[in-house]
Amino acid sequence: MPKIDSNKKLRNLMKKYYVKAKLGAKYWPFTKTCWITSGGPVEILIAMGITPIYPENHGAMIGAVKMGVELSGEAEKLGYSQDLCSYFRCDVGQAVTQKSPVGGLPRPDFLLCCNNICGTVLKWYEVQARYYDVPLVFLDTPYNYDGLNDDIVNYVKEQFESIIPEIEKITGRRLNEKKTKQVAQYANEGIKLWNEILSTCENVPAPMTCFDAFFYLAPIVTLRGTKHVVEYYKGLKKELEALIAQGKGAVENETYRLVWDNLPIWYKMRRLSKTLASYGACLVGDTYTNAWADNDINPDDPFGTMARAYASVYLNRNVDAKIENFTSLIKKYKADGFLIHSNRSCKPYSFGQFDIKDEVSRRTGLPGLIIEADMCDTRAYSDEQIETRLQAFIETLKERKEAS
Amino acid sequence: MNAKNFPEIVADICANPYEQLKRYKAAGKNIAGYTCSYVPEELLDAFGYIPYRLLGRAQNIRQADRYLQTYCCSQIRSLLEDFINDEYIGIDAVIFAHTCDSMQSFHDIFKRNNPDIFVKNVNFPTSINNDIAFRYALAELKNFAAALEEHTGKTLDRDALVESISVYNLNRGLLDKLYALHRSYPKEIPGVTLHHTVVASMISDKRDINGILESYLGTFDENEPEDDKRKRLMLIGSINISEDIYLLADEFGAMIADDDLCTGRRYFAQQVTEPTIEGVARRYFSRPHCAAKHRGLYSREHYLTGLAGKCGIDGAIFLYLKFCDPHSFDYPDLRKGLEAKGIPSQLIEIEQSLAPSGQIRTKLQAFLEILE
Ligand code: SF4
Ligand code: SF4
């Protein structure tokens, strides 16, 4: 991808965030720190001036610098199975060793867990709440087996109303209405911009690839609801639009446009992106970064709309809904095929992918490839095997292109 | 049927689960398969179904690999294989309940691929420790009853529900008594009979089991326990359909004095104290819970150390099904919690789809030596 300012800005933004969070937790007694899951309602924390920390984002960093196996090993030594989510294992590892690209996470004052992405996070947060001996605030968001219904929405809304006093009690902070509205507005703006940023890839050639999007995702997850995110994404969007205007694509001679499913394989980002680029293949869209692109909070009814939004995030919807979503992404991005990461760590994201692959192929007439891997644990990955399969897949795409 | 033969009768039912299904089918009954103890069987029973617990049994999993990755627990994969192998022909409905990530996805996969079966999920909350969650659970049980009404064309009959609840309560009480008597008469009531009786109860009309179980228990005198100094073990885990651990414990002169298994005490613990849907929901909020549910940070540890104390447990066996996430998350802290109460433990990982290996034997033997 052509060099753009936003890359450096993002590094600075995230560095500032981690440094501030760590120093604050250590030296500033009034700081309140909360660990929160990636699908959790961070808006509440932002509105209350509580520092949110995302062990999943941290896990991704650990994966990217290839520390996954080392830190997982620490968790495995304690008796945690190697079959558990590698984000969890890395998190336990960093907690006991304080090792990671940022030297470990700051100690939490409490944990906020929302199980709209998986049941794993609840078990994970139970473990960490015991380890740090801090309260666990839990927001239970029932899976949408038969779609979203009023009982689920009411249940989640009532919990919002009960967890806020709980958090107020733990932190001694108050949630005020004006601030909540403002945060909701920033969150919406940020989400809208993120959606527009992802949508720039509708352009042929795409100005960025999903490998870039995986990187640009961090602010909307971790700092949603702040002005910084809005400003940052405005800048990024401008730069991407400029690239489009200049006709510059992220992949030289973009020939094959592919859509990706599941989390990235953090430790193989560079290598996979090079391999794909060498074939003229560009990842133009994915289900993962899009999961943060469609929440809409009404500032006049934040909890009602948040209940709805949080209870129906992508991973909380059933396989039929995932098929719909994947199909529409493929159409939106005018893809030629799709790649599915069967991720050993993430069972709720991965089980159902065989059905998804068949049905999406049937609906779109496009081929798909399933890659077996893990997002952080390199032991579940084989360069040779995956590259051979990718090569064969590209061959198929080529034949199809030539035939049409 | 003779009460004395009870152990053989239940052993036979367990060994031939599909035959049991065929017998009921031949008698013109409707069968509702269910995947988890959070499915309110009393409601199914009140609608005239025989609830039939689906326990994956296939040992050679091949066809299920077309639908599910190999890193899914073998309980689910075996079950899917069984269905593909047509072992469950004649099942009228398959009912799920919300528990773990794997079961959640399995529901979706199963439903998509079995359009001819009535498939329904009871979306039980994950929290089971507060009033908000209770209200949701109740609403969800009512939704389930409404779905059954719609599907069967019947309305839920209050008297039928009262009767079903009392039949189930009786069964629960009898199973509890069986466990207690086993502790007094470990030779006469072998451990494996506990396992057989629970599993047979799960796949039978409770009315068929209750009478004979009651007579069998009546043959023991509660006041004259055997004088037996066996080491007392407790099993902790999700699902176990293998007899090995029970037989081996007997062989080594120890006993399985109690358990916290889906296929054990977690299935029958606690009675429904009020004969209504509310009562059914209430029981789930007070009975010992599965690792996939949340009742606070120490609820399982406190419960297990309490149970161990009550039953005089010498050692605990974590009998873990590979890839069963909720239970393996809990393992290290539970092990520590038990240890702090002076109860050593041993982890044994099992795979339902694999033939029993020498592993269990070696590990159990070594563990019992430590307990000596
Ligand atoms: S990777 Fe999957 S299992 Fe792990 S925390 Fe994320 S959603 Fe949950
Ligand atoms: S709780 Fe464990 S054994 Fe049961 S379905 Fe889930 S993963 Fe499998």
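No experiment lies behind these values; they were computed from the predicted model shown.

### What about the environment of R224 of chain A?
All names here are of chain A. Tracing the sequence through the fold places R224 in the loop between α10 (218-222) and α11 (227-245). A relative accessible area of 2% places R224 in the buried class. Distance from R224 to I167, taken between C-alpha atoms, is 19 Å for residues 57 residues apart in sequence. Leave out the neighbours within four places in its chain, and R224 touches G40, V42, E43, I46, A187, I191, P219, V229, W292 and Y310.

### Section: the packing of aromatic side chains
Residue and element names in this part refer to chain B. In total, this model carries 42 aromatic pairs over all chains according to the counting rule given. Members of the aromatic cluster, each reached through a chain of ring pairs, are Y18, Y52, F83, Y88, F96, F106 and F110. The ring of Y284 has R283 lying over it, and the distance from NZ or CZ to the ring centre is 5.7 Å. The ring of Y38 carries the charged tip of K293 above its face, separated from the ring centre by 5.0 Å.

### Let's talk about the site of ligand 1
All names here are of chain A. Neighbouring ligand 1 are the residues E56, C85, I117, C118, T120, V121, W124, L263, S345, C346 and M375. At three residues, the largest contribution of residues to the shell around ligand 1 is made by helix α6 (residues 120-132). Residue composition of the shell around ligand 1, by class: eight nonpolar, two polar and one charged. Three or more residues apiece are contributed to the shell around ligand 1 by two domains, here domain 1 (5-175) and domain 2 (179-403).

### Details of the interface of chain B and chain A
In this assembly, 47 residues from chain B lie in contact with 50 residues from chain A. Summed over the three residues of chain B that lose the most area to chain A, namely Y71, R112 and F329 of chain B, the buried surface amounts to 19% of that side. On the surface where chain B and chain A come into contact, there are ten salt bridges. Among the ionic pairs, K111 of chain B bridges to D146 of chain A, the shortest N-O distance being 3.1 Å. The interface formed by chain B and chain A contains 29 residue pairs in polar contact (both at pLDDT 80 or more). At the level of secondary structure, the elements contributing two or more residues to the side of chain B that touches chain A comprise α5 (101-113), β4 (118-122), α6 (131-152) and α14 (325-340) of chain B. Among the elements that line the side of chain B that touches chain A, the one with the most residues is α5 of chain B, at ten residues. Of the residues assigned to the side of chain B that touches chain A, the class counts are 18 nonpolar, 15 polar and 14 charged.

### Description of the site of ligand 2
Residues and elements named next belong to chain B. In the region of ligand 2, the neighbouring residues are C73, I76, C100, M103, S238, L321, F323 and C324. In a pocket analysis with a 2 Å cut-off to the grid points, ligand 2 is assigned to the largest cavity. Here the residues of the shell around ligand 2 sort into seven nonpolar, one polar and no charged.

### Re the sheet that holds strand β6 (residues 254-260) of chain B
Residue and element names in this part refer to chain B. Here four strands make up an open sheet; going across it, the order is β6-β5-β7-β8 and the pairing parallel. Where the open sheet ends on each side, the last strands, each with one partner, are β6 and β8 (345-350). Pairwise comparison of adjacent strand axes, ignoring direction, gives a mean angle of 25° for this sheet. Both strand β5 (residues 231-237) and strand β7 (residues 315-321) contribute to a ladder of five bridges, which runs parallel. Across the sheet, the residue bridging to L233 is G315, located in β7.

### Description of the pattern of salt bridges
Scanning all chains against the criterion turns up 53 salt bridges over all chains. The closest approach of N and O atoms between E202 of chain A and K332 of chain A, which form a salt bridge, is 3.8 Å. Taken as a pair, E202 of chain A in the loop between α8 (177-199) and α9 (210-216) and K332 of chain A in helix α15 (residues 319-332) lie far apart in primary sequence, 130 residues in all. Its salt-bridge partner being R207 of chain B, residue D45 of chain B comes within 2.8 Å of it at the nearest N-O pair. In this pair, D45 of chain B sits in helix α3 (residues 41-46) while R207 of chain B sits in helix α9 (residues 206-218), placing the two residues 162 residues apart along the sequence.

### Quick look at unusual backbone geometry
Residues and elements named next belong to chain A. In this structure, P205 follows V204 across a cis peptide bond, with omega equal to -5°. You can see P205 is positioned in the loop between α8 and α9. With phi around 60°, K66 is a residue other than glycine that occupies positive phi space. The residue K66 is located in the loop between α3 (55-64) and α4 (68-77) in this model. You can call K66 exposed: its relative accessible area is 55%. Look at D133: it is not a glycine, yet its phi comes out positive at around 55°. Following the sequence through the fold, D133 ends up in the loop between α6 and β4 (136-139). The exposure class assigned to D133 is exposed, which follows from its relative accessible area of 63%.

Reading the values: the criteria
Residues numbered from 1 in each chain as written. Chains lettered and ligands numbered in written order. Predicted model: local features only at pLDDT ≥ 70, side-chain atom pairs only at ≥ 80, totals over all residues. Heavy atoms only, no water. Helix = DSSP H or I, 4+ residues; strand = E, 2+ residues; numbered from the N terminus. Buried < 20%, exposed > 50% of the residue type's maximum accessible area, 1.4 Å probe, protein only. Contact = heavy atoms within 4.5 Å. Phe/Tyr/Trp six-rings, centres within 6.5 Å; stacked < 30°, edge-to-face > 60°. Lys NZ or Arg CZ within 6 Å of the ring centre and 35° of its normal. Near = heavy atom within 4 Å. Nonpolar A, V, L, I, M, F, W, Y, C, P; charged D, E, K, R; others polar. Domains from an automatic or database assignment. Buried area = accessible area lost by both parts, 1.4 Å probe. Salt bridge = Lys/Arg side-chain N within 4 Å of Asp/Glu carboxyl O. Polar contact = N/O pair within 3.5 Å; in protein donor to acceptor, adjacent residues only side chain to side chain. 1 Å grid on protein atoms, 1.4 Å probe; cavity = no way out; pocket = protein on both sides within 12 Å on 5 of 7 lines; lining within 4 Å. Sits in = over half its atoms within 2 Å of the grid points. Pairing = 2+ DSSP bridges. Axes fitted to C-alpha atoms, helices over the stretch in contact; angles between N-to-C directions.

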